[in-house]
Amino acid sequence: YRELQYEGEVLPSIKSFDPDNEFVALAMTFSKPFSAGMKTGYVFLPTELVTPILDQKSNQDFGSSNILQHLLNDLMRRGDYAAHVESLRKAYRRKRDIMLAALRRTLGDVPGVSWTEPEGGLYVWMTLPEGVSTCRGQALFQSCLEAGVLYVPGDCCFACEAGQSVPKHHLRLSFGVATPNQIDTGVERLAGCIRRHVTETDARPGAGRRQAS
């Protein structure tokens, strides 16, 4: 999502801190910033990784699409790629702002509920009180499905060592595909579910004591 930055400082890539090309592999794609159907990407690799990764790739997909590579080359050469990415930045920035405004309107007064205000990408990361599980199959997730809302449970987004646990009270919201009206409707439905489950959690015996500790 590096090309989908809407504001803020342009941060250097981790690869830029590897001037001798020894430690960092930088993988990029055209499908996220340009077009979801452009399943084509590229990678900068330390020299010793080039051959084994090419061998692995050839075993997985038997080669990338020639026609997509020629099409992308033509789009970039004519300047159409950069123009389209800029138009997408404007569209996604507007949808991000709509989602953030809807969240402030519907959940801004709920204790323990917070979210990021991303400067790029397609997602808002939300945090709920620790007693409210956002995991697949749990009460909040099921309530949201019944209300017609789908989010990515936050526990799917953490890496952990074997035997370690990850936080269960985060969720990821996407504003990429939904229309502005769908974003407003979806956030309102999500907020209703969250308010109900936060209230139910607070009402459980001993909830106040746990929070106080």
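Residues numbered from 1 in each chain as written. Predicted model: local features only at pLDDT ≥ 70, side-chain atom pairs only at ≥ 80, totals over all residues. Heavy atoms only, no water.

K.L.:
Tell me about the state of the cysteines, and name the residues and values.
P.N.:
Working definition: the covalent bond between the sulfur atoms of two cysteines is a disulfide. In this structure the tally under the stated criterion is zero disulfides. Free cysteine C144: the closest other cysteine sulfur is in C193, separated by 4.1 Å. For C144, a relative accessible area of 0% corresponds to the buried category. (Disulfide = S-S within 2.5 Å. Buried < 20%, exposed > 50% of the residue type's maximum accessible area, 1.4 Å probe, protein only.)

K.L.:
Summarise the packing of aromatic side chains; cite the residues concerned and give the values.
P.N.:
Within a pair of aromatic rings, the relevant descriptors are the distance that separates the centres and the angle that separates the planes. As enumerated under the stated definition, the model contains seven aromatic pairs in all. Plain terms: the ring middles of Y1 and Y123 are 5.6 Å apart, the flat faces sit at 85 degrees to each other, and that makes the pair edge-to-face. Here Y123 lies in strand β4 (residues 123–127) and Y1 lies in the segment before β1 (26–29), a separation of 122 residues in the sequence. Judged by its relative accessible area of 39%, Y1 is partly exposed. The exposure class assigned to Y123 is partly exposed, which follows from its relative accessible area of 23%. Each ring, one from W125 and one from F158, has its centre 5.9 Å from the other, and the planes form 65 degrees; the classification is edge-to-face. One end of the pair, W125, is in strand β4; the other, F158, is in the loop between β5 (152–153) and β6 (170–174), with 33 residues separating them in the sequence. Looking at F158, the relative accessible area reads 34%, which means it is partly exposed. One aromatic cluster is present, formed by F30, F34, Y42, F44 and Y81 through successive ring pairs. Over the aromatic face of Y123 sits the side chain of R172, whose NZ or CZ is 3.7 Å from the ring centroid. (Phe/Tyr/Trp six-rings, centres within 6.5 Å; stacked < 30°, edge-to-face > 60°. Helix = DSSP H or I, 4+ residues; strand = E, 2+ residues; numbered from the N terminus. Lys NZ or Arg CZ within 6 Å of the ring centre and 35° of its normal.)

K.L.:
Go over the pairing of β6, please, and point to the residues and values.
P.N.:
In terms of strand pairing, β4 meets β6 through five bridges, oriented antiparallel. Each bridged residue has a counterpart across the sheet, and for T127 the counterpart in β6 is H170. (Pairing = 2+ DSSP bridges.)

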